[in-house]
Amino acid sequence: MDDAFARLENIEKSFSTVAVLKKVTIGIGRGEIIGLIGENGAGKSTLMKILSGIHEPNSGRILIEGRERRFRRPADAKAAGIAIVPQEFNLCPQLSVAENVFLGAEPLTRAGFLDGAAMRARASELLAELGVRIDPDERISRLSAAQKQIVEICKALAFDARLLILDEPTTVLTPVEIASLFALMRAVKAKGMSMVYISHKLGEVMEICDRVAILRDGELVHEAPTSALSPAGMASRMVGRELSEIYPEPAPARDEVLLKIEGLSSPGAFSGVGLELRAGEVLGLAGLVGAGRTEVAEAVMGLRPATGRVVVGGAELRLGRPREAIAAGVGYLSEDRQGSGVLVAFSVAENETLASLPAYARGLFGPIDRRREREAAEKWARLFSIKAASSEQRLEHLSGGNQQKVSLAKSLDPAPRVLIVDEPTRGVDVGAKREIYRLLRDLAAEGIAILLISSELEEVLGMCGRVVVMREGRSVGELAGAELTEEGIMFLATGIKEGESA
Ligand SMILES: Nc1ncnc2c1ncn2[C@@H]1O[C@H](COP(=O)(O)OP(=O)(O)OP(=O)(O)O)[C@@H](O)[C@H]1O
Ligand SMILES: [Mg+2]
């Protein structure tokens, strides 16, 4: 394609001896949105890291507007007009939102000083375009995962990019924020900006992309206009086989209440939240970003100050004591796997057994039994098809989706009675999602009570028989049976009926 803005030709990349990309050729037209899809570990992020100067290829060429370029570092790609919103956050937690947006390209006053006012004003403008209310002076460390994602997007839009790469930008966003992001993408596309959109949400790919490229095991296996594809067709080309039904049949809930929350409040986050979760049940907790869902989970786990009552299997927990919550049999998968979920510098096996270390010690306080740890890791790798060179590999070298699977294994390793999972399939491919849903169903069938916090309505509807909806720190309603629909959830979550305006 001659009018391509960017073209990658025969790109090859290996890490040590493992070939991750095999002669990939792809063109990206001006004002075109390309969907890049494939299983976890297929090589999507690696390919885009090459185009944005984070990695250098072993061989192959990069052409920008027909001219060959060599990107040795991210600044080279940036100078050529390429911006990337990375899959894993890349923000400085101690700096403010505005400082992060302009990091390395701070506006200066005429006297040459940092122009703080201009920085804040421009950051506010960008945030408003994305339709979110975030204070430009807020520290990054105080933001939720979704808010951090939005700051990453602003950071990429803050300079005049010609090509914007979005690596799974919507995994932590709710439908309302996704709609604002898509509106913004359409607006910048109309101005001629090209985009690469990586996602495991095939419905979104259908909606926003002009063309779709499919990677499998480092090879480009298919490329077609979106109109020539269906989500099912994309899924089967990604995994190389037909996938049957994604959501397994639910088993009936039992009578025994395993988790009871009464009048739970946490200053500044939520107040007066109550719910009951039964053995064998998968209860959904829905709401917009910032509604307080994650904070409720953190309070139950003793990770944030709270008042009220949390009863697990009949015994009341003393609040603010994470060890007590774990000892009472509550397993937890946090939404922010980098922030509090896993340790990226540790190996796959070490992470999985992190929450249940005493169970792997030889005798009381003894050294860790590495063989048992390895056996456990092998079990989880088989169960979730975790793609890693070995269980000794450091987590930071795994693809995003595979890190998520390790993080889920960690929350399951102590064999909990109550399991709280916050965005469990974030960044996971369709095949592995199906495995995770099956596993959650099997756990429920064994009598474990599961609280599923998810922004993906399809997942909530597919998995939950009952859903509690939160808005602005309060539980505003509960839906089950015929009332449990996408519209029903959105109405409670936003307080707005479809067709009405805010
Ligand atoms: N720095 C690295 N060192 C070693 N191996 C790596 C490194 N970066 C990536 N890999 C490996 O390359 C393969 C492709 O990873 P990549 O992150 O590109 O996958 P992906 O398609 O983006 O997957 P996901 O959907 O899970 O994000 C994986 O097997 C991963 O473990
Ligand atoms: Mg990736």
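Residues numbered from 1 in each chain as written. Chains lettered and ligands numbered in written order. Predicted model: local features only at pLDDT ≥ 70, side-chain atom pairs only at ≥ 80, totals over all residues. Heavy atoms only, no water.

**Remarks on the overall build of the protein**
- Assigned secondary structure in the protein consists of 17 helices and 20 strands.
- Here the C-alpha atoms of the protein give a radius of gyration of 23 Å, agreeing with the 23 Å that 2.2 N^0.38 yields for 502 residues.
- Dimensions of the protein, computed from C-alpha atoms along their principal axes, come out at roughly 70 × 50 × 45 Å.
- Counting only residues that meet the buried cut, the protein has 52% of its 502 residues in that class.
- For the protein, the proportion of contacts with a sequence separation of at least 24, taken over those separated by at least 6, is 66%.
- When the accessible surface of the protein is summed, it comes to about 22,000 Å², and 50% of that surface belongs to carbon and sulfur atoms.
- A distance of 4 Å separates the average location of the 62 positive side-chain charges in the protein from that of its 69 negative side-chain charges. (Helix = DSSP H or I, 4+ residues; strand = E, 2+ residues; numbered from the N terminus. Rg over C-alpha atoms; globule rule 2.2 N^0.38 Å. Buried < 20%, exposed > 50% of the residue type's maximum accessible area, 1.4 Å probe, protein only. Contact = heavy atoms within 4.5 Å. Areas by Shrake-Rupley, 256 points an atom, 1.4 Å probe, with all protein chains shown as cover. Lys, Arg positive; Asp, Glu negative; His and termini not counted. Charge placed at Lys NZ, Arg CZ, Asp CG, Glu CD.)

**Some words on the nonpolar core**
- Of all hydrophobic cores here, the largest spans 54 residues; its most connected members are Ile 37, Val 97, Leu 130, Leu 164, Leu 166, Met 185 and Tyr 197.
- Among the elements that take part in this core, helix α5 (residues 145-157) stands out by supplying eight residues, more than any other.
- With near-sequence residues (within four places) excluded, Val 97 lies in contact with Leu 127, Ile 134, Asp 135, Pro 136, Glu 138, Ile 140, Leu 143 and Val 151.
- Residues Leu 443, Ile 489, Met 490 and Leu 492 belong to the second largest nonpolar core, which totals 39 residues. (Core = buried A, V, L, I, M, F, W, Y, C linked by side-chain atoms within 4.5 Å.)

**Some remarks on helix α4 (residues 116-129)**
- Taking 1.5 Å as the rise per residue, α4 with 14 residues should run 20 Å; its terminal C-alpha atoms sit 20 Å apart, in good agreement.
- Elements that come into contact with the buried residues of α4 comprise α3 (97-101) and α5.
- A positive phi of about 70° marks Gly 131, the residue just after α4. (Expected span 1.5 Å × (residues − 1).)

**Re the pairing of strand β4 (residues 59-64)**
- Across five bridges, strand β1 (residues 4-15) lies against β4 in antiparallel orientation. From the neighbouring strand, Glu 9 faces β4, where its bridge partner is Arg 61. (Pairing = 2+ DSSP bridges.)

**Observations regarding the sheet that holds β1**
- Here we have four strands laid out as an open sheet, ordered β2-β1-β4-β5, and antiparallel in their pairing. The open sheet has two edge strands, β2 (18-29) and β5 (67-69), and neither has a second partner. On average, adjacent strands in this sheet sit at an angle of 25° to one another, irrespective of strand direction.
- Across eight bridges, β1 lies against β2 in antiparallel orientation. Pairing of Phe 15 across the sheet is with Val 18, part of β2. (Axes fitted to C-alpha atoms, helices over the stretch in contact; angles between N-to-C directions.)

**Description of the pattern of salt bridges**
- Under the counting rule described, the total for this entry stands at 28 salt bridges.
- A salt bridge links Arg 73 to Asp 76; its shortest N-O distance comes to 3.6 Å.
- Taking relative accessible area as the criterion, Asp 76 reaches 22% and is therefore assigned partly exposed.
- In this structure, Glu 223 and Arg 211 form a salt bridge, with 2.4 Å as the shortest nitrogen-oxygen distance. Placement of the pair is Glu 223 in strand β10 (residues 219-225) and Arg 211 in strand β9 (residues 211-216), with a sequence separation of twelve residues.
- Beyond isolated ion pairs, a larger network of salt bridges with shared partners links Lys 260, Glu 262, Glu 276, Arg 278, Arg 309 and Glu 316. (Salt bridge = Lys/Arg side-chain N within 4 Å of Asp/Glu carboxyl O.)

**Things to note about the site of ligand 1**
- Around ligand 1, the surrounding shell holds 18 residues, and the nearest of these are Lys 44, Thr 46, His 200, Ser 399 and Gly 401.
- Within the contact set of ligand 1, an oxygen atom lies 2.9 Å away from a backbone nitrogen or oxygen of Gly 43.
- A distance of 2.8 Å is found between an oxygen atom of ligand 1 and a side-chain nitrogen or oxygen belonging to His 200.
- For ligand 1, the accessible surface in isolation is 650 Å², of which the surrounding protein chains cover 88%.
- Sorting elements by how many residues they give to the shell around ligand 1 places helix α1 (residues 44-51) first, with three residues. (Near = heavy atom within 4 Å. Polar contact = N/O pair within 3.5 Å; in protein donor to acceptor, adjacent residues only side chain to side chain.)

**What to know about the domain arrangement of the protein**
- What the domain assignment lists for the protein is domain 1 (4-239) and domain 2 (257-494).
- A straight line from the C-alpha centre of domain 1 to that of domain 2 covers 28 Å.
- Listed by partner, the interface residues are 25 residues for domain 1 and 27 residues for domain 2.
- Taken together, the two surfaces of domain 1 and domain 2 that pack against each other cover about 2,000 Å², and 54% of this comes from carbon and sulfur.
- When residues of domain 1 are sorted by the area they lose upon contact with domain 2, Asn 40, Glu 88 and Thr 174 head the list and together hold 28% of the total.
- One can count one salt bridge joining domain 1 with domain 2.
- The salt bridge involving Asp 217 is made with Lys 387; its shortest N-O contact spans 3.7 Å.
- Breaking the side of domain 1 that touches domain 2 down by element, the ones donating at least two residues are α5, α6 (175-190) and α8 (231-239).
- The residue inventory of the side of domain 1 that touches domain 2, partitioned by class, reads ten nonpolar, eight polar and seven charged. (Domains from an automatic or database assignment. Buried area = accessible area lost by both parts, 1.4 Å probe. Nonpolar A, V, L, I, M, F, W, Y, C, P; charged D, E, K, R; others polar.)

**Topic: the pairing of strand β20 (residues 474-480)**
- Where strand β19 (residues 466-471) lies against β20, six bridges are found, and the strand directions are antiparallel. Residue pairing in the sheet places Val 467 in a bridge with Leu 479 of β20.
- From the end of β19 to the start of β20, which pair antiparallel, there are two residues, and Glu 472 there has a positive phi angle of about 45°.

**Regarding the coordination of the magnesium ion (ligand 2)**
- Protein ligation of the magnesium ion (ligand 2) involves Ser 45 (OG) and Gln 87 (OE1), the donor distances falling in the range 2.0 to 2.2 Å. With Ser 45 in helix α1 and Gln 87 in the loop between β6 (82-85) and α3, this residue pair connects regions lying 42 residues apart in the sequence. One exposure class covers both Ser 45 and Gln 87, and it is buried. (Donors = N, O, S within 2.8 Å, 3.2 Å for Na, K, Ca; no water.)

**Structural notes on the sheet that holds strand β11 (residues 257-266)**
- In spatial order, the strands read β12-β11-β14-β15; together these four strands make up an open sheet with antiparallel pairing. Two strands close off the open sheet at either side, each with one partner strand: β12 (270-278) and β15 (315-316).
- Of the strand pairs in this sheet, β11 and β12 are connected by six bridges, and their pairing is antiparallel. Within β12, the position partnered with Ser 266 by the bridge is Phe 270.
- The strands touched by helix α9 (residues 293-300) within the sheet are β11, β12 and β14 (307-312), with β11 carrying the most contacts at an inclination of about 110°.

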